[in-house]
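# Geometric and topological summary
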Amino acid sequence: MALLGLGLMALSACQQDDVFADLVGPNAPLPPALVKVIRAKDMGENSPILVRLYKEESELEVWKQTTDGTFALLKTYPICAWSGQLGPKRKEGDRQAPEGFYHLTPGQLNPTSNYHLAFDMGYPNAYDRANEASGTHLMIHGSCNSSGCYAMDNWQMEELYSLANHAFKGGQRSIQIQALPFRMTPQNMARHQNSPHVAFWKMLKQGTDRFDLTHKPVAVAVCEKRYVFDETLGDGRTLDAEGHCPAIETPADLMAKQVADEELQRKIASTMTPDEFVVPVASTYKTGSPISAEAYAAEQHRREGYDRDGKPLQTARSSMFRTLIQKKPAAETAREP
C-alpha cells in the first residue's frame, strides 16, 4: 500500500506539470507517422504546402505539393479556438479572426511566441488596407485561446511549424493561407445567403474555385479595393489596390463551375425552410472596451476537452494509477477555465 500511495502522489504531482514535457520546439522534426503519409501520397518532405482555415467547421487543412506539381490534402487538424463571428476582421481590437488570402514567409515565423510557436498571417494585406481595415499580430499560434487569432493545441502547432520549416528549406518562398468562413460549397452559400457578408464571401469563392479546379496556389492581387484572381497576375505585374482593374478573362471551366454552383445554390435555397437559413450573429463586444465574461464566452469557439492554455483536461497518458485518481465531475471540466 505504501508503494501504491507513493505512486499516486507522484502521478498527481506531475500530471499537470509534465503535460507539455514531450514538446520539442521550433526545430521539431516531422513525426514519423506523418512522414509515412507524405511518402504514401507522392509528396516530398520539403515540398511546398498551402493552408486552408474554416471557421464554421473549426478545421485547418494542410495541402502539400505532389510529384506531378499539383497540391493534395495532407492532413486536417481541428482548430483549438478562434474568436469572433463569421465575417472579416475590420478594426484593431474587434477580436475578429481574419478572412481572406494571406501569405506566410520565413520572417513571419515566431519561434519564441508566448503561445509556444506562431505564424504571423500577414494581416492586414493589400485588400484589408485598401478597405481601411486595421489590426496587428494576427496569428496562427499554440495554446487554446484566441483574441482574433486561430489557436491550435501545442502539439498541432509544433507539427505545423515543422511542415512550414521543411517547405521553406525546400525552397518555397511564400505559403498561401486561405482563411475562410466555411467550406465554400453551394450548400453552405445557400445556408448563409442572408448574411451581410455574402458579397465578400462570393468574392473569396472566386479564388477558392480556382484552387478547387487546379489544385495549385491561387494568383492573388487587389485592385478597385477588391480581390482579383488570375494566373496572368503572376507575370510580375503590380496592381494598385485602389486603382483600375485590368481585363481578366475567366477560363471556361471556371465559368462553368461558377454557373453550376450558383444554379445549385438557388435550387437548394428554394427547398429550404426559414429555420434552415443561418441567422447572422453580431458580436456583442464593443471595440476597445474591457471584455465581459459573457462577451468572451460568446466569441470563443473552443474545442471541447482543452483549457485556454492548450492543456488537455484529461491527459491521454495511461497509467496503472489513472483509474484510482478521482475524476473531475463533467460539469466542472466543462466550465470555462
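Refer to the preceding data block for the structure.
Below you will find a few notes about this structure. Everything numeric in this text was worked out from a predicted model, so none of it was measured.

Attention now goes to helix 4 (residues 154–169). Between its first and last C-alpha, helix 4 extends 22 Å over 16 residues, near the 22 Å set by a 1.5 Å rise per residue. Within helix 4, 14 of the 16 residues are buried, which leaves the element mostly enclosed by the surrounding structure. In the stretch just after helix 4, Gly 171 is the one whose phi turns positive, near 110°.

What follows is about the state of the cysteines. Scanning the model with the defined rule gives two disulfides in all. What pairs with Cys 80 in a disulfide is Cys 144, and their sulfur atoms sit 2.2 Å apart. Between Cys 80 and Cys 144 the disulfide shows an S-S torsion of about -95°. By sign, it is left-handed. Here Cys 80, found in the loop between strand 3 (71–78) and strand 4 (81–83), pairs with Cys 144, found in the loop between strand 8 (139–141) and strand 9 (150–151); they are 64 residues apart in sequence, far enough to count as distant. Each sulfur in the disulfide pair Cys 223 and Cys 245 lies 1.9 Å from the other. Residues Cys 223 and Cys 245 share a disulfide whose torsion about the S-S bond is about 110°; that sign makes it right-handed.

Here the focus is the sheet that holds strand 6 (residues 109–110). The strand order across the open sheet formed by six strands is 6-7-8-9-4-13, and the pairing between neighbours is mixed. Every other strand in the sheet has two partners, leaving strand 6 and strand 13 (300–302) as the edge strands with one partner each. As defined by bridge partners, strand 4 adjoins strand 13 across three bridges and the pair is classed as antiparallel. Paired with Ser 83 across the two strands is Gln 300, which belongs to strand 13. Lying over the sheet, helix 4 contacts strand 6, strand 7 (118–120) and strand 8, oriented at roughly 55° with respect to strand 7.

The rules we used
- Residues numbered from 1 in each chain as written.
- Predicted model: local features only at pLDDT ≥ 70, side-chain atom pairs only at ≥ 80, totals over all residues.
- Heavy atoms only, no water.
- Helix = DSSP H or I, 4+ residues; strand = E, 2+ residues; numbered from the N terminus.
- Expected span 1.5 Å × (residues − 1).
- Buried < 20%, exposed > 50% of the residue type's maximum accessible area, 1.4 Å probe, protein only.
- Disulfide = S-S within 2.5 Å.
- Pairing = 2+ DSSP bridges.
- Contact = heavy atoms within 4.5 Å.
- Axes fitted to C-alpha atoms, helices over the stretch in contact; angles between N-to-C directions.

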